[in-house]
Amino acid sequence: QWFGNLVTMEWWTHLWLNEGFVSYLEYLAVDYLFPNWDIWTQFLYADWGVALRLDALANTHPIEIEVGHPSEIDEIFDTVSYSKGASIIRMLAEYLGFEDFREGLRYYLKRHKFANAKTEDLWKAFEKASKKPVTKIMKNWTAKPGYPILNVKEEKGGIKVSQSRFFSSTLSQKGTQDNTIWMIPLKYGKDSLLLNKKTTKLPKLKNGSVKLNSGETSFIRVNYPEKHLHLLKQALEDGKLKSLDGLGLIRDIFDLSEAGYNDLDQALDLALSYVGETDYSVWAELSGKLTKVENLIFGQDYYPYFKKYGLRIYSQIGQKVGWQKKNGESHTRTLLRSLVLYKLGDFGDQGVIKKAQKLFDKGGIDVELRGVANGMIAQNGRKKEYLQLKKMHNS
(Lines give C-alpha, C1' and ligand atoms only; values in the text may rest on other atoms or scores of the structure.)
Protein backbone atom coordinates (compact mmCIF):
# COMPACT_ATOMS: atom_id res chain seq x y z
CA GLN A 1 0.00 0.00 0.00
CA TRP A 2 2.67 2.53 0.98
CA PHE A 3 5.56 1.54 -1.30
CA GLY A 4 3.51 0.34 -4.26
CA ASN A 5 0.26 2.30 -4.47
CA LEU A 6 0.58 5.49 -2.41
CA VAL A 7 4.13 6.10 -3.68
CA THR A 8 5.10 4.11 -6.76
CA MET A 9 8.66 3.39 -7.81
CA GLU A 10 9.83 5.50 -10.71
CA TRP A 11 11.14 2.44 -12.56
CA TRP A 12 11.93 -1.24 -11.99
CA THR A 13 15.49 -0.30 -11.03
CA HIS A 14 14.08 0.78 -7.66
CA LEU A 15 12.03 -2.37 -7.12
CA TRP A 16 14.14 -3.33 -4.10
CA LEU A 17 12.59 -0.49 -2.08
CA ASN A 18 9.15 -2.02 -2.36
CA GLU A 19 10.29 -5.60 -1.72
CA GLY A 20 12.98 -4.73 0.82
CA PHE A 21 10.56 -2.72 2.94
CA VAL A 22 7.95 -5.47 2.76
CA SER A 23 10.52 -7.94 4.09
CA TYR A 24 11.66 -5.53 6.82
CA LEU A 25 8.29 -4.23 8.00
CA GLU A 26 6.74 -7.66 8.45
CA TYR A 27 9.28 -8.33 11.22
CA LEU A 28 8.94 -4.81 12.63
CA ALA A 29 5.17 -5.20 12.97
CA VAL A 30 5.41 -8.64 14.58
CA ASP A 31 8.05 -7.41 17.03
CA TYR A 32 5.82 -4.47 18.00
CA LEU A 33 2.79 -6.71 18.58
CA PHE A 34 4.57 -9.71 20.09
CA PRO A 35 7.91 -8.61 21.59
CA ASN A 36 8.24 -11.89 23.51
CA TRP A 37 8.60 -13.76 20.20
CA ASP A 38 12.15 -12.41 19.78
CA ILE A 39 11.43 -12.14 16.07
CA TRP A 40 14.62 -10.27 15.15
CA THR A 41 16.73 -13.29 16.09
CA GLN A 42 14.58 -15.31 13.71
CA PHE A 43 15.15 -12.61 11.07
CA LEU A 44 18.91 -13.06 11.45
CA TYR A 45 18.52 -16.77 10.80
CA ALA A 46 15.85 -16.70 8.07
CA ASP A 47 16.71 -13.59 6.01
CA TRP A 48 19.96 -11.95 7.12
CA GLY A 49 22.02 -15.15 7.04
CA VAL A 50 20.63 -16.21 3.66
CA ALA A 51 21.46 -12.79 2.19
CA LEU A 52 25.01 -12.94 3.61
CA ARG A 53 25.55 -16.37 2.09
CA LEU A 54 24.28 -15.56 -1.42
CA ASP A 55 25.79 -12.08 -1.58
CA ALA A 56 29.21 -13.60 -0.83
CA LEU A 57 29.24 -15.30 -4.23
CA ALA A 58 31.24 -13.80 -7.08
CA ASN A 59 28.17 -13.82 -9.33
CA THR A 60 25.90 -11.80 -7.05
CA HIS A 61 24.53 -8.44 -8.18
CA PRO A 62 23.92 -4.98 -6.68
CA ILE A 63 20.58 -4.30 -5.02
CA GLU A 64 19.85 -1.69 -7.66
CA ILE A 65 20.15 -2.93 -11.24
CA GLU A 66 19.41 -0.85 -14.30
CA VAL A 67 16.48 -2.49 -16.08
CA GLY A 68 16.40 -1.76 -19.79
CA HIS A 69 13.80 -4.24 -21.04
CA PRO A 70 10.70 -5.90 -19.53
CA SER A 71 12.28 -9.34 -20.04
CA GLU A 72 14.90 -8.42 -17.41
CA ILE A 73 12.37 -7.70 -14.66
CA ASP A 74 11.99 -11.28 -13.39
CA GLU A 75 15.74 -11.48 -12.73
CA ILE A 76 15.59 -8.93 -9.89
CA PHE A 77 12.85 -10.65 -7.87
CA ASP A 78 15.40 -12.54 -5.80
CA THR A 79 17.00 -12.84 -2.37
CA VAL A 80 19.22 -9.81 -2.92
CA SER A 81 16.20 -7.55 -3.50
CA TYR A 82 14.19 -9.02 -0.64
CA SER A 83 16.50 -10.24 2.11
CA LYS A 84 19.56 -8.04 1.55
CA GLY A 85 17.21 -5.11 0.95
CA ALA A 86 15.51 -5.75 4.30
CA SER A 87 18.89 -6.17 6.00
CA ILE A 88 20.37 -2.85 4.91
CA ILE A 89 17.09 -1.06 5.73
CA ARG A 90 17.30 -2.53 9.25
CA MET A 91 20.94 -1.40 9.43
CA LEU A 92 19.94 2.14 8.46
CA ALA A 93 17.00 2.20 10.89
CA GLU A 94 19.27 1.14 13.76
CA TYR A 95 21.82 3.82 12.81
CA LEU A 96 19.28 6.64 12.51
CA GLY A 97 17.23 5.68 15.55
CA PHE A 98 13.58 4.69 15.37
CA GLU A 99 12.08 8.18 15.72
CA ASP A 100 14.19 9.73 12.94
CA PHE A 101 13.60 6.67 10.78
CA ARG A 102 9.83 6.94 11.21
CA GLU A 103 9.84 10.71 10.70
CA GLY A 104 11.85 10.29 7.48
CA LEU A 105 9.32 7.76 6.19
CA ARG A 106 6.42 10.09 7.01
CA TYR A 107 8.07 12.93 5.12
CA TYR A 108 8.83 10.70 2.11
CA LEU A 109 5.28 9.32 1.88
CA LYS A 110 3.62 12.72 2.26
CA ARG A 111 5.92 14.43 -0.23
CA HIS A 112 5.60 11.78 -2.95
CA LYS A 113 2.06 10.47 -2.41
CA PHE A 114 0.12 9.66 -5.60
CA ALA A 115 3.36 10.10 -7.55
CA ASN A 116 6.56 8.32 -8.48
CA ALA A 117 9.84 8.26 -6.53
CA LYS A 118 13.29 6.74 -6.64
CA THR A 119 15.71 5.49 -4.01
CA GLU A 120 17.50 8.83 -3.71
CA ASP A 121 14.20 10.52 -2.74
CA LEU A 122 13.93 8.28 0.31
CA TRP A 123 17.55 8.94 1.32
CA LYS A 124 16.92 12.70 1.14
CA ALA A 125 13.85 12.30 3.36
CA PHE A 126 15.94 10.46 5.96
CA GLU A 127 18.63 13.13 5.73
CA LYS A 128 16.06 15.83 6.42
CA ALA A 129 14.78 13.97 9.50
CA SER A 130 18.15 12.87 10.94
CA LYS A 131 20.67 15.47 9.67
CA LYS A 132 22.95 12.54 8.74
CA PRO A 133 24.60 11.92 5.31
CA VAL A 134 22.31 9.03 4.37
CA THR A 135 22.79 9.29 0.59
CA LYS A 136 26.56 9.07 0.95
CA ILE A 137 26.35 6.22 3.47
CA MET A 138 23.94 4.08 1.46
CA LYS A 139 25.41 4.60 -2.03
CA ASN A 140 27.75 1.59 -2.08
CA TRP A 141 25.31 -0.63 -0.18
CA THR A 142 22.82 -0.39 -3.06
CA ALA A 143 25.02 0.36 -6.08
CA LYS A 144 27.79 -2.23 -5.48
CA PRO A 145 27.56 -6.02 -5.13
CA GLY A 146 28.73 -7.82 -1.99
CA TYR A 147 29.51 -6.54 1.48
CA PRO A 148 32.55 -6.04 3.74
CA ILE A 149 34.36 -8.17 6.25
CA LEU A 150 36.08 -6.41 9.15
CA ASN A 151 39.43 -8.00 10.00
CA VAL A 152 40.34 -7.29 13.63
CA LYS A 153 43.91 -6.92 14.88
CA GLU A 154 44.84 -6.39 18.52
CA GLU A 155 46.96 -3.30 19.22
CA LYS A 156 48.18 -1.54 22.30
CA GLY A 157 45.31 0.43 23.81
CA GLY A 158 42.73 -0.82 21.34
CA ILE A 159 42.08 -2.70 18.11
CA LYS A 160 42.62 -1.98 14.42
CA VAL A 161 39.91 -2.96 11.95
CA SER A 162 40.39 -3.11 8.17
CA GLN A 163 37.64 -3.74 5.65
CA SER A 164 37.61 -5.65 2.39
CA ARG A 165 34.95 -7.36 0.32
CA PHE A 166 34.04 -10.82 1.61
CA PHE A 167 33.90 -13.82 -0.71
CA SER A 168 32.96 -17.34 0.32
CA SER A 169 35.46 -18.72 -2.21
CA THR A 170 39.21 -18.39 -1.75
CA LEU A 171 39.57 -18.31 -5.56
CA SER A 172 37.26 -15.29 -5.73
CA GLN A 173 39.22 -13.60 -2.93
CA LYS A 174 42.51 -14.01 -4.76
CA GLY A 175 41.13 -12.95 -8.12
CA THR A 176 39.14 -9.89 -7.05
CA GLN A 177 39.93 -6.37 -8.19
CA ASP A 178 37.15 -4.96 -5.98
CA ASN A 179 38.48 -2.19 -3.71
CA THR A 180 35.10 -0.85 -2.60
CA ILE A 181 35.11 1.04 0.70
CA TRP A 182 31.74 0.86 2.41
CA MET A 183 30.58 3.42 4.97
CA ILE A 184 29.74 1.07 7.82
CA PRO A 185 27.42 2.10 10.68
CA LEU A 186 28.88 0.06 13.54
CA LYS A 187 27.70 -0.52 17.09
CA TYR A 188 30.79 -0.83 19.26
CA GLY A 189 29.88 -1.27 22.89
CA LYS A 190 27.44 1.55 23.65
CA ASP A 191 28.82 3.76 20.87
CA SER A 192 27.45 4.08 17.35
CA LEU A 193 30.30 4.68 14.89
CA LEU A 194 30.58 5.30 11.16
CA LEU A 195 33.59 3.61 9.58
CA ASN A 196 34.45 5.24 6.26
CA LYS A 197 38.09 4.25 5.74
CA LYS A 198 39.96 1.14 4.71
CA THR A 199 41.53 0.91 8.18
CA THR A 200 40.30 2.39 11.47
CA LYS A 201 41.74 2.23 14.98
CA LEU A 202 39.19 1.80 17.76
CA PRO A 203 39.88 2.41 21.46
CA LYS A 204 39.67 -0.37 24.01
CA LEU A 205 36.22 -0.49 25.60
CA LYS A 206 36.09 0.28 29.30
CA ASN A 207 32.96 -1.72 30.01
CA GLY A 208 34.60 -5.03 29.13
CA SER A 209 32.53 -5.63 25.97
CA VAL A 210 34.41 -7.59 23.30
CA LYS A 211 31.79 -8.05 20.54
CA LEU A 212 31.91 -5.80 17.48
CA ASN A 213 28.67 -5.14 15.61
CA SER A 214 26.59 -5.38 18.77
CA GLY A 215 23.09 -6.66 18.04
CA GLU A 216 24.19 -7.74 14.55
CA THR A 217 22.86 -4.51 13.09
CA SER A 218 25.47 -3.98 10.35
CA PHE A 219 25.44 -6.14 7.22
CA ILE A 220 29.02 -7.32 7.64
CA ARG A 221 31.12 -10.19 8.91
CA VAL A 222 33.83 -9.87 11.55
CA ASN A 223 37.05 -11.87 11.65
CA TYR A 224 38.58 -11.96 15.15
CA PRO A 225 42.13 -12.99 16.13
CA GLU A 226 42.49 -16.04 18.38
CA LYS A 227 43.02 -14.02 21.57
CA HIS A 228 39.81 -12.08 20.94
CA LEU A 229 37.93 -15.30 20.22
CA HIS A 230 38.96 -16.59 23.63
CA LEU A 231 37.36 -13.53 25.27
CA LEU A 232 34.18 -14.04 23.24
CA LYS A 233 34.12 -17.70 24.22
CA GLN A 234 34.28 -16.67 27.87
CA ALA A 235 31.50 -14.12 27.37
CA LEU A 236 29.30 -16.83 25.84
CA GLU A 237 29.92 -19.23 28.72
CA ASP A 238 29.16 -16.48 31.24
CA GLY A 239 25.88 -15.66 29.48
CA LYS A 240 26.97 -12.10 28.67
CA LEU A 241 26.09 -12.17 24.96
CA LYS A 242 22.53 -11.77 23.69
CA SER A 243 21.10 -14.38 21.35
CA LEU A 244 21.44 -12.03 18.38
CA ASP A 245 25.17 -11.72 19.00
CA GLY A 246 25.62 -15.42 19.70
CA LEU A 247 23.94 -16.31 16.42
CA GLY A 248 26.05 -13.87 14.42
CA LEU A 249 29.25 -15.09 16.05
CA ILE A 250 28.73 -18.79 15.36
CA ARG A 251 27.49 -18.10 11.82
CA ASP A 252 30.54 -16.03 10.95
CA ILE A 253 33.20 -18.29 12.41
CA PHE A 254 31.99 -21.36 10.51
CA ASP A 255 31.56 -19.42 7.27
CA LEU A 256 34.99 -17.84 7.68
CA SER A 257 36.47 -21.30 8.16
CA GLU A 258 34.83 -22.42 4.93
CA ALA A 259 36.23 -19.37 3.16
CA GLY A 260 39.75 -20.05 4.41
CA TYR A 261 40.10 -17.20 6.92
CA ASN A 262 40.70 -19.51 9.89
CA ASP A 263 40.91 -23.18 10.85
CA LEU A 264 37.78 -25.24 11.40
CA ASP A 265 38.98 -26.32 14.84
CA GLN A 266 38.46 -22.74 16.08
CA ALA A 267 34.80 -22.93 15.01
CA LEU A 268 34.31 -26.39 16.52
CA ASP A 269 35.90 -25.23 19.77
CA LEU A 270 33.68 -22.14 19.96
CA ALA A 271 30.57 -24.27 19.36
CA LEU A 272 31.21 -26.04 22.68
CA SER A 273 30.45 -22.75 24.44
CA TYR A 274 26.82 -22.87 23.26
CA VAL A 275 25.72 -25.74 25.51
CA GLY A 276 23.84 -23.31 27.78
CA GLU A 277 22.01 -21.55 24.90
CA THR A 278 18.20 -21.84 24.80
CA ASP A 279 17.24 -19.77 21.73
CA TYR A 280 15.82 -21.78 18.83
CA SER A 281 17.27 -19.59 16.06
CA VAL A 282 20.79 -19.87 17.51
CA TRP A 283 20.48 -23.66 17.70
CA ALA A 284 19.08 -23.79 14.16
CA GLU A 285 22.08 -21.81 12.88
CA LEU A 286 24.59 -23.92 14.81
CA SER A 287 22.90 -27.18 13.76
CA GLY A 288 23.07 -26.21 10.11
CA LYS A 289 26.80 -25.56 10.39
CA LEU A 290 27.50 -28.84 12.22
CA THR A 291 25.40 -30.80 9.72
CA LYS A 292 27.46 -29.34 6.90
CA VAL A 293 30.66 -30.52 8.58
CA GLU A 294 29.09 -33.91 9.32
CA ASN A 295 28.16 -34.40 5.67
CA LEU A 296 31.76 -33.72 4.64
CA ILE A 297 33.35 -36.22 7.03
CA PHE A 298 30.66 -38.93 7.14
CA GLY A 299 32.22 -42.39 6.88
CA GLN A 300 35.75 -41.27 7.73
CA ASP A 301 37.71 -43.14 10.41
CA TYR A 302 37.33 -40.21 12.82
CA TYR A 303 33.57 -39.78 12.26
CA PRO A 304 32.70 -41.63 15.53
CA TYR A 305 34.69 -38.99 17.45
CA PHE A 306 32.65 -36.25 15.77
CA LYS A 307 29.46 -37.99 16.95
CA LYS A 308 30.77 -37.96 20.53
CA TYR A 309 31.58 -34.28 20.10
CA GLY A 310 28.01 -33.66 18.92
CA LEU A 311 26.57 -35.38 21.98
CA ARG A 312 28.63 -33.07 24.22
CA ILE A 313 26.97 -30.07 22.59
CA TYR A 314 23.35 -31.28 22.57
CA SER A 315 23.02 -33.35 25.76
CA GLN A 316 22.35 -30.45 28.15
CA ILE A 317 19.74 -28.71 25.99
CA GLY A 318 18.18 -32.12 25.27
CA GLN A 319 17.55 -32.65 28.98
CA LYS A 320 15.99 -29.18 29.22
CA VAL A 321 13.49 -29.57 26.38
CA GLY A 322 12.62 -33.24 27.00
CA TRP A 323 9.99 -35.10 24.99
CA GLN A 324 6.86 -33.67 26.57
CA LYS A 325 5.31 -30.46 25.32
CA LYS A 326 4.51 -28.08 28.19
CA ASN A 327 1.38 -25.98 28.53
CA GLY A 328 1.83 -22.45 27.28
CA GLU A 329 5.29 -22.98 25.81
CA SER A 330 6.35 -20.75 22.91
CA HIS A 331 6.26 -21.96 19.32
CA THR A 332 10.05 -21.64 19.13
CA ARG A 333 10.39 -23.95 22.15
CA THR A 334 8.37 -26.56 20.29
CA LEU A 335 10.60 -26.14 17.24
CA LEU A 336 13.70 -26.35 19.46
CA ARG A 337 12.56 -29.69 20.93
CA SER A 338 12.23 -31.28 17.50
CA LEU A 339 15.57 -29.90 16.36
CA VAL A 340 17.53 -30.97 19.44
CA LEU A 341 16.04 -34.46 19.74
CA TYR A 342 16.68 -35.13 16.07
CA LYS A 343 20.33 -34.09 16.38
CA LEU A 344 20.78 -36.21 19.51
CA GLY A 345 19.42 -39.22 17.62
CA ASP A 346 21.61 -38.39 14.64
CA PHE A 347 24.67 -38.32 16.90
CA GLY A 348 23.74 -41.72 18.35
CA ASP A 349 22.13 -40.98 21.74
CA GLN A 350 20.75 -44.43 22.61
CA GLY A 351 18.20 -43.11 25.12
CA VAL A 352 16.66 -40.83 22.50
CA ILE A 353 16.69 -43.58 19.85
CA LYS A 354 14.93 -46.05 22.18
CA LYS A 355 12.31 -43.44 23.11
CA ALA A 356 11.66 -42.83 19.42
CA GLN A 357 11.26 -46.58 18.91
CA LYS A 358 8.65 -46.75 21.70
CA LEU A 359 6.70 -43.85 20.25
CA PHE A 360 6.86 -45.36 16.78
CA ASP A 361 5.60 -48.73 17.98
CA LYS A 362 2.85 -47.10 20.02
CA GLY A 363 1.66 -44.81 17.21
CA GLY A 364 -0.21 -41.53 17.54
CA ILE A 365 2.94 -39.42 17.87
CA ASP A 366 2.46 -35.67 18.31
CA VAL A 367 2.75 -34.00 14.93
CA GLU A 368 5.75 -31.89 16.07
CA LEU A 369 7.75 -35.05 16.89
CA ARG A 370 6.55 -37.30 14.10
CA GLY A 371 9.38 -36.34 11.79
CA VAL A 372 11.92 -36.84 14.59
CA ALA A 373 10.70 -40.36 15.46
CA ASN A 374 10.25 -41.48 11.86
CA GLY A 375 13.69 -40.15 10.93
CA MET A 376 15.38 -42.04 13.76
CA ILE A 377 13.53 -45.23 12.87
CA ALA A 378 14.57 -44.88 9.23
CA GLN A 379 18.18 -44.39 10.34
CA ASN A 380 18.30 -47.15 12.98
CA GLY A 381 15.49 -49.61 12.21
CA ARG A 382 15.56 -53.02 10.57
CA LYS A 383 13.47 -54.74 7.91
CA LYS A 384 10.27 -54.69 9.97
CA GLU A 385 10.48 -50.92 10.50
CA TYR A 386 11.45 -50.35 6.88
CA LEU A 387 8.35 -52.16 5.63
CA GLN A 388 6.19 -50.23 8.08
CA LEU A 389 7.63 -46.87 6.94
CA LYS A 390 7.15 -47.89 3.32
CA LYS A 391 3.51 -48.74 4.00
CA MET A 392 3.00 -45.38 5.76
CA HIS A 393 4.60 -43.58 2.82
CA ASN A 394 2.50 -45.34 0.22
CA SER A 395 -0.73 -44.67 2.11
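Draft legend 1. Main features of the overall build of the protein chain. When helices and strands are tallied, the protein chain shows 17 helices and eight strands. Scaling as 2.2 N^0.38, a compact globule of 395 residues should have a C-alpha radius of gyration of about 21 Å, and the protein chain matches this with 23 Å. Across its three principal directions, the C-alpha atoms of the protein chain cover 70 × 55 × 45 Å. Within the protein chain, buried positions represent 49% of all 395 residues. Relative to all contacts within the protein chain whose residues are 6 or more apart in sequence, the contacts with residues 24 or more apart total 67%. On the protein chain, roughly 20400 Å² of surface is accessible, and the fraction owed to carbon and sulfur atoms is 52%. Taking the average location of the 56 positive side-chain charges in the protein chain and that of its 47 negative ones, the two points are 4 Å from each other.

Draft legend 2. Summary view of the packing of helix α12 (residues 280–297) against helix α13 (residues 303–321). Where α12 contacts α13, the axes come no closer than 11 Å and their chain directions differ by 170 degrees. Between α12 and α13, the interaxial angle falls into the category roughly antiparallel. The residues of α13 that touch α12, namely those facing Trp283, Leu286, Ser287, Leu290, Val293, Glu294 and Ile297, are Tyr303, Phe306, Tyr309, Ile313, Tyr314 and Ile317.

Draft legend 3. Focus on a positive patch on the surface. A contiguous patch of positive charge, built from Arg111, Lys124, Lys128 and Lys131, is present on the exposed surface. On the secondary structure map, Lys124 appears in helix α6 (residues 119–130). On the accessibility criterion, Lys124 (52% relative accessible area) is exposed.

Draft legend 4. Quick look at the packing of helix α10 (residues 243–258) against helix α11 (residues 264–271). Where α10 contacts α11, the axes come no closer than 8 Å and their chain directions differ by 160 degrees. With respect to α11, the element α10 is oriented roughly antiparallel. Of the two elements, α10 crosses α11, and the hand of that crossing is left-handed. Only Leu264, Gln266, Ala267, Leu268, Leu270 and Ala271 of α11 make contact with α10, whose side of the interface consists of Leu249, Ile250, Ile253, Phe254 and Ser257. Classifying every residue of the contact of α10 with α11 by side-chain character gives nine nonpolar, two polar and no charged.

Draft legend 5. The arrangement of the packing of aromatic side chains in detail. Under the counting rule described, the total for this entry stands at 23 aromatic pairs. Between Phe21 and Phe101 the ring centres are 6.3 Å apart and the planes differ by 10 degrees, which places this aromatic pair in the stacked class. With a gap of 80 residues between them, Phe21 in helix α2 (residues 15–33) and Phe101 in helix α5 (residues 98–112) connect regions that are remote in the sequence. Under the relative-accessibility criterion, Phe101 is labelled buried at 1%. Taking NZ or CZ as reference, Arg90 lies 5.0 Å from the ring centre of Trp48, over its face. If you follow Lys132 out to its NZ or CZ, it ends over the ring of Tyr95, 4.5 Å from the centre.

Draft legend 6. Just the sheet that holds strand β7 (residues 199–203), in detail. Spatially, the four strands line up as an open sheet ordered β7-β4-β3-β8, and their pairing is mixed. The open sheet is flanked by β7 and β8 (221–223), the only strands paired with a single partner. In this sheet, neighbouring strand axes are inclined to one another by 30 degrees on average, regardless of whether the strands run parallel or antiparallel. Examined bridge by bridge, strand β3 (residues 148–155) and strand β4 (residues 158–165) share eight bridges and lie antiparallel to one another. Paired with Leu150 across the strands is Gln163, a residue of β4. Against the sheet, α10 contacts β3 and β8, and its axis sits at roughly 70 degrees relative to β8.

Draft legend 7. Up close: the layout of surface pockets. Its boundaries defined by the atoms lining it, the second largest pocket holds a volume of some 340 Å³. In terms of lining residues, the second largest pocket is bounded by 18 residues, among which Arg53, Asp255, Glu285, Lys289 and Lys292 are the most central. At the level of elements, α3 (39–54), α10 and α12 are the ones that each hand at least two residues to the lining of the second largest pocket. Per element, the largest residue contribution to the lining of the second largest pocket is five residues, and it comes from α12. Grouping the amino acids of the lining of the second largest pocket by side-chain chemistry returns seven nonpolar, three polar and eight charged.

Draft legend 8. Inspection of helix α9 (residues 226–237) at higher detail. With twelve residues, α9 extends 17 Å from end C-alpha to end C-alpha; this agrees with the ideal 16 Å at 1.5 Å per step. Buried within α9 we find His228, Leu229, Leu232, Lys233, Ala235 and Leu236. Buried residues of α9, viewed axially, fall in a sector of 160 degrees; they line one side. Exposed side of α9, more than 90 degrees from the buried face: Glu226, Lys227 and His230 are the residues found there. Those residues of α9 hidden inside the fold are in contact with β3, β4, α10 and α11. At the C-terminal side of α9, Gly239 shows a positive phi close to 70 degrees.

Draft legend 9. Fine view of the pairing of strand β6 (residues 191–195). As judged from the five bridges shared by strand β5 (residues 184–188) and β6, these two strands associate in the antiparallel manner. Paired with Ile184 across the strands is Leu195, a residue of β6. Taken together, β5 and the strand that follows it, β6, pair antiparallel across an intervening segment of two residues, in which Gly189 is found at a positive phi of about 65 degrees.

Draft legend 10. Representation of the environment of Asn18 in the model. Along the chain, Asn18 turns up in helix α2. Overall, Asn18 belongs to the partly exposed group, its relative accessible area being 21%. Expressed as a C-alpha distance, the spacing of Asn18 and Ala86, which sit 68 residues apart in the sequence, is 9.9 Å. Once residues lying within four places of it in the same chain are set aside, the contact partners of Asn18 are Phe3, Gly4 and Met9.

What counts and how
- Residues numbered from 1 in each chain as written.
- Predicted model: local features only at pLDDT ≥ 70, side-chain atom pairs only at ≥ 80, totals over all residues.
- Heavy atoms only, no water.
- Helix = DSSP H or I, 4+ residues; strand = E, 2+ residues; numbered from the N terminus.
- Rg over C-alpha atoms; globule rule 2.2 N^0.38 Å.
- Buried < 20%, exposed > 50% of the residue type's maximum accessible area, 1.4 Å probe, protein only.
- Contact = heavy atoms within 4.5 Å.
- Areas by Shrake-Rupley, 256 points an atom, 1.4 Å probe, with all protein chains shown as cover.
- Lys, Arg positive; Asp, Glu negative; His and termini not counted.
- Charge placed at Lys NZ, Arg CZ, Asp CG, Glu CD.
- Axes fitted to C-alpha atoms, helices over the stretch in contact; angles between N-to-C directions.
- Parallel < 35°, antiparallel > 145°, perpendicular 65-115°, else oblique.
- Patch = residues over 30% accessible without salt bridge, like charges linked within 9 Å, V, L, I, M, F, W, Y side chains within 5 Å.
- Salt bridge = Lys/Arg side-chain N within 4 Å of Asp/Glu carboxyl O.
- Left-handed = near helix turned anticlockwise from the far one by under 90°.
- Nonpolar A, V, L, I, M, F, W, Y, C, P; charged D, E, K, R; others polar.
- Phe/Tyr/Trp six-rings, centres within 6.5 Å; stacked < 30°, edge-to-face > 60°.
- Lys NZ or Arg CZ within 6 Å of the ring centre and 35° of its normal.
- Pairing = 2+ DSSP bridges.
- 1 Å grid on protein atoms, 1.4 Å probe; cavity = no way out; pocket = protein on both sides within 12 Å on 5 of 7 lines; lining within 4 Å.
- Points joined across faces, edges and corners; volume = space filled by probe spheres on them.
- Expected span 1.5 Å × (residues − 1).
- Arc of directions from axis to C-beta.

Any functional reading would require information beyond the geometric quantities listed.
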